[in-house]
Amino acid sequence: MLALIRLTLPNVLLPATTALATADPFGHEKGILAGANVIMPNLSPLNAREKYTLYDNKIYTGDEAAQNIDHLRKKINAIGCQIVTNRGDYKGELYV
């Protein structure tokens, strides 16, 4: 589905969600390789994360936390991509 969205909406910000990583240990990487171009880090403090659980058995590897950005960067670099931490605003015309 990510690949189809990427083909039909080439300029969209498309996330490789935590749900992908919950379903598969390499979910973020597979999502990026399929066409996603965003990973949303969990910036909630560790002591507050349970208040924001959207579904049961949500994976927490620590990679998505701000303090572990280097580990996430290594995983993404290993698939030939790189992490950019600036805003992802698109300044051109979006296809809707």
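Coordinates for the structure precede this section.
From a predicted model like this one, the values you see are computed outputs, not experimental measurements.

A few points about the environment of Leu-33
Among the structural elements, Leu-33 can be located in helix 3 (residues 27-34). For Leu-33, a relative accessible area of 57% gives the class exposed. Counting along the chain gives 43 residues from Leu-33 to Ile-76, while the straight-line C-alpha distance between them is 9.8 Å.

What to know about the side chain of His-28
Relative to the assigned elements, His-28 resides in helix 3. Of the polar contacts made by the side chain of His-28, one reaches the backbone oxygen of Thr-17; its length is 3.5 Å. Setting aside chain neighbours within four positions, we find His-28 in contact with Ala-16, Thr-17, Thr-18, Ala-21 and Ile-39.

What counts, and at which threshold
Here, residues in each chain are numbered from 1, in the same order as that chain's written sequence. For this predicted model, a pLDDT threshold of at least 70 governs which residues receive local features, and a threshold of 80 or more governs which side-chain atom pairs are given and counted, while totals over whole chains, interfaces and linings are taken from all residues. Hydrogens are left out, water is left out, and the side-chain values use all remaining heavy atoms of the structure. To qualify as a helix, a DSSP run of H or I must reach at least 4 residues; to qualify as a strand, a run of E must reach at least 2; elements of each kind are numbered from the N terminus. Partly exposed describes any residue whose relative accessible area lies between the buried limit of under 20% and the exposed limit of over 50%, with all areas from a 1.4 Å probe on protein chains only and scaled to the type maximum. Pairing of N or O atoms within 3.5 Å defines a polar contact, subject to two protein rules: one partner must be a possible hydrogen donor and the other a possible acceptor, and residues neighboring in sequence count only if both atoms are side-chain atoms. The contact criterion used is simple: two residues touch if any of their non-hydrogen atoms lie within 4.5 Å.

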